[in-house]
Number of protein chains: 2
Amino acid sequence: MTPAVETILEDLERATGAEDLQCLIESLRDHFDVDHMVYHWVNSNGDQYGCGTYSDAWVARYLEKDYLRIDPVVSGCYQRFHPVDWKRLDWSSRAVRSFQLDAIHHGVGNQGFSIPIRGPNGQFAMFTVSHNTDDDSWAAFIEAYRRDLILIAYYFNQKALEFEPGRSPEPTPALSPREVDAMTLLAIGYSRGQVAQTLAISEHTLRVYIESARFKLGAHNTTHAVARAMSRGLIVV
Amino acid sequence: MTPAVETILEDLERATGAEDLQCLIESLRDHFDVDHMVYHWVNSNGDQYGCGTYSDAWVARYLEKDYLRIDPVVSGCYQRFHPVDWKRLDWSSRAVRSFQLDAIHHGVGNQGFSIPIRGPNGQFAMFTVSHNTDDDSWAAFIEAYRRDLILIAYYFNQKALEFEPGRSPEPTPALSPREVDAMTLLAIGYSRGQVAQTLAISEHTLRVYIESARFKLGAHNTTHAVARAMSRGLIVV
DNA sequence: CTTATCCTCGCTATTATTGGGGAGTTGGAA
DNA sequence: TTCCAACTCCCCAATAATAGCGAGGATAAG
């Protein structure tokens, strides 16, 4: 690890507010000499927060067009543990391609590298580096700094979580074992009757679990409750 | 980062099987000169996998007693993003204290440092370093190696995920845009009526999407379809 | 011993979802 | 052009889920 990165991490640890993060990400961009560096945070309610060096116009357009839904970087990171090089994603569909053109038109680099980061309760964020350059230079850059970037992403997310207390530590809705059972079996496709039979309880009892899980998760219906339990990592299917 | 750690990470990247991981974690323990180093992988179905340097007797006892349920290291890591020093956990309850005594009796160190790691689909693992020493030495050790350990934990989990056949590479049936919309809105708690209104289509039409999505996903009902769409990363919620 | 949480079971009534049909339009691909 | 997949709309009857009440026993923590 380069000494400069040590310094950066120490600056990160000293950061005391969201403004510091914005400054830091800008100096990070300058330090690595790339076009853009972005931290982008999403949660299960669809809230987003981000800081970075993309133009305001692009951020506004991204939100306006709801690009989150089709951005292959997002879905790619969401499914993987590894950092992803944008080149290895699927850009073939028409909607995605027009998104890509729009992005480049707004100054996003043709190369990119995004690191998925995950926290408790299904928290999910991405740390992205983007630049305009040829494939070989980019590969060399990633090869050289991959580990630094991973560590920076990790520390960055840690700080971002501290500064956004209203979002991540939602009233931790630890489910009881029976509630977890119920949610899990529903998530794998069992009907109420089958779940009750599997758990060897009456359907009335089962309903109490589903409703209390729904209440704890702040969900409107069973499907919502299962979705939340999944996205918060309370059940694994 | 020490050069030796670079070497370790490169060894990690070259690992091709679970046995390599076991060897590596033993050499890691020797390199850092600590009593124990353990990688522990859990999901809420109760499946576990681990490798490390704890005694077989302790691992067997841990499983037998179902200590996973009361281990404050597990629950502490599960709720946090930061690595946790065991000292900062709550050991006050009766059950936890007897667990702690049992652990120390089986050769687990009095000091410990555990790093939570999370992957897609609620995957959760911990990378733990444990040692027998006084508080000051331990604090100095952690201060010195925290970043190395985080990076090692990250790479270690990456490899462990590769070797774990738990993830079935089922051919993912792409959903149509409208189907994605429907699944997404259902996942965030909308009722059919609300979804139809949001998408500005009739409820009858909506039902066609839901059913075709259900068919494509091989799901038994709507809840199942949403759960599958989520776990396959087809929708981001 | 008190409080709290969990687990278990019951009723009635209303609303939402599902399964079985069928049918017309569009836009892109072969 | 022809074909296909996607998008849109409709009916009817059966089934599943939800909302509102209720209650008792077990287990564990403070």
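Quantities reported herein were computed from a predicted structural model and do not represent experimental measurements.

J.: Lay out the overall build of chain A with the relevant residues and their values.
T.: The helix and strand inventory of chain A stands at 10 helices and 5 strands. Oriented by its inertia axes, the alpha-carbon framework of chain A measures out at about 65 × 45 × 30 Å. Within chain A, the proportion of its 237 residues that are buried is 53%. Considering only intrachain contacts with a sequence separation of at least 6, the fraction spanning at least 24 residues in chain A is 62%. A total of about 10,500 Å² of accessible surface is found on chain A, and carbon and sulfur atoms cover 51% of it. Put simply, chain A has 22 plus and 30 minus side-chain charges, and the middle of one group is 10 Å from the middle of the other.

J.: I'd like a description of the protein's contact with DNA strand C, backed by residues and values.
T.: Y209(A), R192(B), R207(B), R214(B) and T222(B) are the nearest of the 18 residues found near DNA strand C. By atom count, sugar and phosphate contribute 73% of the portion of DNA strand C lying within 4 Å of the protein. At 2.9 Å, a side-chain N or O of T205(A) approaches a phosphate oxygen of DNA strand C. Take R207(B): an N or O atom from its side chain is 2.3 Å from a base oxygen of DNA strand C. Mapped onto the surface near DNA strand C, the elements with two or more residues apiece are α7 (177-187) and α9 (203-217) of chain A together with α9 (203-217) of chain B. Ranked by residues supplied to the surface near DNA strand C, first place goes to α9(A) with 6 residues. Classifying every residue of the surface near DNA strand C by side-chain character gives 4 nonpolar, 6 polar and 8 charged.

J.: Any chance you could break down the domain arrangement of chain A for me, citing the residues and the numbers?
T.: By a frequent convention, interface size equals the accessible area lost on bringing the separate parts together. Looking at the assigned domains, one finds that chain A contains domain 1 (3-163) and domain 2 (177-231). Taking the mean C-alpha position of each, domain 1 of chain A and domain 2 of chain A sit 36 Å from one another.

J.: Now, about the sheet that holds strand β1 (residues 36-42) of chain A: what can you tell me, with residues and values included?
T.: Residues and elements named next belong to chain A. Across the sheet, 5 strands lie side by side as β2-β1-β5-β4-β3; this open sheet has antiparallel pairing. On the outer flanks of this sheet lie β2 (48-52) and β3 (84-85), each paired with one strand and no other. Here β1 runs beside strand β5 (residues 124-131); their pairing, made up of 7 bridges, is antiparallel. The residue bridging V42 from the neighbouring strand is F124, located in β5.

J.: Which residues make up unusual backbone geometry, and what are the values?
T.: In the Ramachandran plot, D33(A) falls in the positive-phi region, its phi being about 60° despite a non-glycine side chain. With respect to the helices and strands, the residue D33(A) is situated in the loop between α2 (18-32) and β1. Among the residues examined, D33(A) registers a relative accessible area of 60% and is labelled exposed. Located in the positive-phi region is A200(B), a residue other than glycine, with phi close to 60°. Looking at the secondary structure, you find A200(B) in the loop between α8 (192-199) and α9.

J.: Before we move on, could you go through the interface of chain A and chain B and cite the residues and values that matter?
T.: If you look at the interface, chain A gives 50 residues, while chain B gives 52 residues. Carbon and sulfur atoms make up 58% of the surface buried where chain A meets chain B, a total of about 4,500 Å² over both sides. Note that R147(A) is salt-bridged to E6(B), the shortest N-O span being 2.5 Å. Between chain A and chain B we count 11 residue pairs in polar contact (both at pLDDT 80 or more) in total. Among the elements of the structure, α1 (3-14), α4 (72-79), β4 (111-118), α6 (135-163), α7 and α10 (222-231) of chain A are those that each provide at least two residues to the side of chain A that touches chain B. Considering each element in turn, the side of chain A that touches chain B owes the most residues, 10 residues, to α6(A). Split by residue class, the side of chain A that touches chain B holds 24 nonpolar, 17 polar and 9 charged.

J.: Would you mind going over α9(A) in detail, with residue names and values included?
T.: All names here are of chain A. Taking 1.5 Å per residue, 15 residues should reach 21 Å; α9 reaches 21 Å between its end C-alpha atoms and fits that length. Looking only at α9, the buried set comprises L206, I210, A213 and L217. For α9, the buried positions fall inside an angular range of 65° around the axis, keeping them on one side. Turned more than 90 degrees off the buried face of α9, the exposed positions are H204, V208 and F215. Positive phi appears at G218, one or two residues downstream of α9, with a value of about 65°.

J.: Requested: an account of empty space enclosed by the protein, with residues and values cited.
T.: One pass over the full model with this rule turns up 4 cavities of 30 Å³ or more. Its boundaries defined by the atoms lining it, the largest cavity holds a volume of some 330 Å³. Along its surface, the largest cavity is lined by 25 residues, and M230(A), S231(A), G233(A), N121(B) and G122(B) are the ones closest to its centre. When contributions to the lining of the largest cavity are tallied by element, the ones reaching two or more residues are α10 of chain A together with α10 (222-231) of chain B. Counted by class, the lining of the largest cavity contains 11 nonpolar, 11 polar and 3 charged residues. The calculated volume of the second largest cavity comes to roughly 240 Å³.

J.: Hey, could you go over the protein's contact with DNA strand D for me, with residue numbers and the actual values?
T.: Taken together, 17 residues sit near DNA strand D, with R207(A), R214(A), T222(A), S176(B) and Y209(B) positioned nearest. Per the 4 Å cut-off to the protein, sugar and phosphate atoms form 75% of the nearby atoms of DNA strand D. At a separation of 3.0 Å, a phosphate oxygen of DNA strand D approaches a polar side-chain atom of T205(B). Sorting the residues of the surface near DNA strand D by element identifies α9 of chain A together with α7 (177-187) and α9 of chain B as the ones contributing at least two each. With 6 residues, α9(B) is the single largest residue contributor to the surface near DNA strand D. Looking at the surface near DNA strand D residue by residue, the class counts come to 4 nonpolar, 6 polar and 7 charged.

J.: Can you lay out the packing of α7(A) against helix α8 (residues 192-199) of chain A for me, pointing to particular residues and giving the numbers?
T.: Residue and element names in this part refer to chain A. The interhelical angle for the contact between α7 and α8, taken along N-to-C directions, is 135°, at an axis separation of 10 Å. The angle between the axes of α7 and α8 places the two elements in the oblique class. Crossing handedness for the pair α7 and α8: right-handed. Between α7 and α8, the contacting residues are R178, D181, A182, L185 and L186 on the first element and V195, T198 and L199 on the second. Classifying every residue of the contact of α7 with α8 by side-chain character gives 5 nonpolar, 1 polar and 2 charged.

Rules used in this analysis
Residues numbered from 1 in each chain as written. Chains lettered and ligands numbered in written order. Predicted model: local features only at pLDDT ≥ 70, side-chain atom pairs only at ≥ 80, totals over all residues. Heavy atoms only, no water. Helix = DSSP H or I, 4+ residues; strand = E, 2+ residues; numbered from the N terminus. Buried < 20%, exposed > 50% of the residue type's maximum accessible area, 1.4 Å probe, protein only. Contact = heavy atoms within 4.5 Å. Areas by Shrake-Rupley, 256 points an atom, 1.4 Å probe, with all protein chains shown as cover. Lys, Arg positive; Asp, Glu negative; His and termini not counted. Charge placed at Lys NZ, Arg CZ, Asp CG, Glu CD. Near = heavy atom within 4 Å. Polar contact = N/O pair within 3.5 Å; in protein donor to acceptor, adjacent residues only side chain to side chain. Nonpolar A, V, L, I, M, F, W, Y, C, P; charged D, E, K, R; others polar. Domains from an automatic or database assignment. Pairing = 2+ DSSP bridges. Buried area = accessible area lost by both parts, 1.4 Å probe. Salt bridge = Lys/Arg side-chain N within 4 Å of Asp/Glu carboxyl O. Expected span 1.5 Å × (residues − 1). Arc of directions from axis to C-beta. 1 Å grid on protein atoms, 1.4 Å probe; cavity = no way out; pocket = protein on both sides within 12 Å on 5 of 7 lines; lining within 4 Å. Points joined across faces, edges and corners; volume = space filled by probe spheres on them. Axes fitted to C-alpha atoms, helices over the stretch in contact; angles between N-to-C directions. Parallel < 35°, antiparallel > 145°, perpendicular 65-115°, else oblique. Left-handed = near helix turned anticlockwise from the far one by under 90°.

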